[in-house]
Amino acid sequence: MTHINQTSAAPAKSARHVIENVSRRGLFAGAGAAGAFVLMARLGPSTARAADSMHYDTGGMGMPHGMVSDPHVFISIDPSGQVTIVAHRSEMGTGSRTSLPMVVAEEMDADWSRVTVVQAPGDEPKYGNQDTDGSRSLRHFYQPMRDCGAAMRMMLEAAAAKQWGVPVSDVAAGLHEVVNKTNGKKLGYGALAVAASAMATPATDTLTFKDPATYRYIGKGNVQIVDLFNITTGRATYGADVKLPGKVYAVIARPPVVGGKVVSFDATEAMKVPGVIKVMEAKGWQPPGTKFLPLGGVAVIAKNTGSAIQGRDKLKIVWDDGPNKTYDSVAFRATLEESARNPDKVVRKLGDADAALKSAAKVVSAEYYTPHFSHATMEPPVGLVSVTKDGAEVWAPVQSPYGTREDLAKLLELPIDKVKVNVTLLGGGFGRKSKCDYVLEAGLLSKAMGVPVQVQWTREDDLQHAFYHTVAAQKIEAGVDANGKVVALKHACAAPTILSTFKAGADHLMPLEQGMGLVDLPYDVPNILALNGKADAHARIGWYRSVYNVPHGFAMQSFIAELAHELGKDPKDMLLEIIGPPRIDDMRKQLTDELWNYGEPWDTHPIDAGRLRRVAEMAAEKAGWGKTLPAGEGMGIAAHRSFVSYIATVVHVKVDGKGNISVPQVDYAVDCGFHVNPERIESQFQGAAVMGLTLAKYSAITFKDGRVEQSNYDNYPMVRIDESPKVTNVHVVPATFANHASGVGEPGVPPFAPALCNAIFAATGKRIRSLPIGNQLA
């Protein structure tokens, strides 16, 4: 079989980063006689890491296959001294393919210009967990990669000391070589690889780490992503770029209504299209509860994608639309709103909110709505699979390569060791490419055809057959006493659950979804009641960047600003009043279900109201909150904890006389704990601002007669360059290792839409309670 490696030499350092600090706080492939270094150090339940000041617990060991810190797996050094480091997380713009190897290079004192990064295949027993979602890559793997690099450095030092016949204390590694501190002699890493391979692995509790004051890369923001040159010059390998001998191309006409199926089809005209090889029914399954199994339909296989698409256009298909044929977004909104007004499940209870509301001097109430969203990644789903008598091999942009491997092996009834998954770069992911249905489609077709098959989704396929972000209706009420103090908050949400994708009949939010802004808010209010209403799923529901934090954050942060207006208070002051004083807010005993803390131990990642308050204050200060603005301009603020990070956003908006929106400036305050690559933090939050503006202004997937009404960017538009925020400032709270690392890829999205809508109210007096904004300002 043909193999590809996504291999990138690390570029030279370039200083290009401006993020303000504010006060506060293996691999060894081809080793053979050349003698590559070998070391084994797995972090698993049987070898738990030592409890010392240089390590802390994370949720990494709770993920499938846990964590691995094994230089034998991740590092190789050739005789010339070139270092190769394996990246085992998928790259979709977050920079983990650069940042994790950079941590290894930092601790082993490698010269970054002499480092090559290669992509791991899907193999969690070897590499540890590879699910690249949930903002977990650095959060979980910073420590293992640091251990990996430190062990590498110590063994190189031990090898040099042995060669010179001196104590290890007399040598020191530094920038790709080991120096004899007594006489100044030096040995390069390449010269030490053979000897180092014979050294015993240092125990985890004996590892020594660099003084952060000597860091060359970590925290400096001076290392560009390793694929930057290849991406900008068109040399990078994405899913559709892989070439295999004998490869054919397929597109599939899928059921227009989820849960539908083929009754009959006529391929006569399709077979007349030049290049079309075969038309066949594609096996499918009817959701709900079918996980990522394909929807089925009719596949057109051709010599090229264009012919396959033309052939599909000429198919005549009779469909059975199934049980969701009446799904209608307008009608379902009314159903959801009724459920939110009359929820049937209590999920958090502090005090007696109902009684406090009845006795309140004033009650403020509002309802909010957010529609389905589609990920709409720039690169639509695509998967190439070759099934032979020897097994199956995949080339695809997937966020969960080992999960893909498991699902394909099960579907094709193959032993898992007969399936290999190669990971290309992802042209966007946002959670869509955690679902491997497009790979499974290619696997089934390759098995049937006996040749490699690439299934290509079009933009229309992507928008009309996706795993959609949930639709949500929410109602929030606040009780205020005679002194203007908020004494009760009641928050009800009704939204289809992701669990419906895995389990038929699921109709309430899981604890995971509740813990994303419904039950976990650290608010200084004596009576809090959170409720969940029943909601059936009539589409495939999947996770989307920041997941349920998006609707929950939009509703609550909009409501707090609305409450401020009703009480005649400044929105920033109202937000700080609701958050209250710095404290750890442990609401776990108030919940009906177990608190979802993003899989992290409470001891290392408690809910800290002080950190949320601090970022709100910081964002307001940096944005110049309170300054006088011209007519038609306004500022809005929102603050939200997600993925154990604390984020506040201030949006400055201009609204012209025709209702057109422009955003001159966005200020993010980011407390993500200890961070490795500030350049990627900046880029992630700049991207979150664009994504947040897009979903707020435009995004809505709607259904009529069970069918998605949107088909391409003309009716599911993206914010373009001229609409994007002119300036996005990212203010990162400085942190040390003691400030445990948290998420970055997702937390920038939830506070943007409410901050924008709050700013629109400040500018125009018009309140936005339903997304998208669309023509509400016209």
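Residues numbered from 1 in each chain as written. Predicted model: local features only at pLDDT ≥ 70, side-chain atom pairs only at ≥ 80, totals over all residues. Heavy atoms only, no water.

Of regular secondary structure, the chain possesses 19 helices and 30 strands. For the chain, whose C-alpha radius of gyration is 27 Å, the value lies close to the compact-globule estimate of 28 Å for 778 residues. Projected onto its principal axes, the C-alpha coordinates of the chain cover approximately 85 × 70 × 50 Å. Looking at the chain as a whole, 62% of its 778 residues are labelled buried. Split by element, the accessible area of the chain, about 27800 Å² in all, is 52% carbon and sulfur. For the chain, the distance from the average position of its 81 positive side-chain charges to the average position of its 80 negative side-chain charges is 2 Å. (Helix = DSSP H or I, 4+ residues; strand = E, 2+ residues; numbered from the N terminus. Rg over C-alpha atoms; globule rule 2.2 N^0.38 Å. Buried < 20%, exposed > 50% of the residue type's maximum accessible area, 1.4 Å probe, protein only. Areas by Shrake-Rupley, 256 points an atom, 1.4 Å probe, with all protein chains shown as cover. Lys, Arg positive; Asp, Glu negative; His and termini not counted. Charge placed at Lys NZ, Arg CZ, Asp CG, Glu CD.)

Packing of helix α10 (residues 401–412) against helix α11 (residues 437–449) leaves a shortest axis separation of 10 Å and a crossing angle of 35 degrees. Along this stretch, α10 crosses α11, giving a crossing that reads as right-handed. Seen from α10, the contacting residues are Thr404, Asp407, Leu408, Leu411 and Leu412; seen from α11, they are Val439, Leu440, Gly443, Leu444 and Lys447. When grouped by side-chain class, the residues that make up the contact of α10 with α11 number six nonpolar, two polar and two charged. (Axes fitted to C-alpha atoms, helices over the stretch in contact; angles between N-to-C directions. Left-handed = near helix turned anticlockwise from the far one by under 90°. Contact = heavy atoms within 4.5 Å. Nonpolar A, V, L, I, M, F, W, Y, C, P; charged D, E, K, R; others polar.)

Turning our eyes to something else, we now look at the sheet that holds strand β9 (residues 177–180). Judged by pairing direction, the sheet is antiparallel, and its three strands sit side by side in the order β8-β9-β10 without closing on themselves. If you trace the sheet from one side to the other, it starts and ends with β8 (171–173) and β10 (186–188), each paired once. Taking each pair of neighbouring strands and ignoring which way they run, the sheet shows an average axis angle of 20 degrees. Across three bridges, the pairing between β9 and β10 is antiparallel. Paired with Val179 across the strands is Lys186, a residue of β10. Where helix α5 (residues 189–196) meets the sheet, its contacts fall on β8, β9 and β10, and the angle it forms with β10 comes to roughly 80 degrees. (Pairing = 2+ DSSP bridges.)

Moving on: the packing of helix α16 (residues 571–579) against helix α17 (residues 609–623). Here α16 crosses α17 at 170 degrees, and the two axes come no closer than 10 Å. Considering the angle they form, α16 stands roughly antiparallel to α17. Mapping the contact onto sequence places Lys572, Leu575, Leu576 and Ile579 in α16 and Ala609, Leu612, Arg613, Ala616, Glu617 and Ala620 in α17. Residue classes in the contact of α16 with α17 are distributed as seven nonpolar, no polar and three charged. (Parallel < 35°, antiparallel > 145°, perpendicular 65-115°, else oblique.)

Another point: the pairing of strand β14 (residues 297–302). With respect to burial, β14 is a largely interior element, six of its six residues being buried. Two elements, strand β11 (residues 248–253) and β14, share five bridges in a ladder whose sense is antiparallel. Paired with Tyr249 across the bridge in β14 is Ala302.

The next thing to look at is the sheet that holds strand β17 (residues 362–370). Within the open sheet, the five strands sit side by side as β16-β24-β23-β22-β17. Their pairing is mixed. Each having just a single partner strand, β16 (345–350) and β17 make up the two edges of the open sheet. With direction set aside, neighbouring strand axes in the sheet form an average angle of 10 degrees. Where strand β22 (residues 472–480) lies against strand β23 (residues 486–494), eight bridges are found, and the strand directions are antiparallel. Bridge assignment links Lys475 to a residue of β23, and that residue is Ala492. Its contacts with the sheet place helix α8 (residues 329–341) against β17, β22, β23 and β24 (528–533), and it is angled at close to 35 degrees to β22.

The next subject is unusual backbone geometry. At the junction of Pro287 and Pro288, the peptide bond is cis and its omega measures out at 10 degrees in the coordinates. Within the element layout of this structure, Pro288 appears in the loop between β13 (276–282) and β14. Of the consecutive residues Leu771 and Pro772, the connecting peptide bond is found in the cis state with omega at 0 degrees. Within the fold, Pro772 resides in the segment after α19 (752–764).

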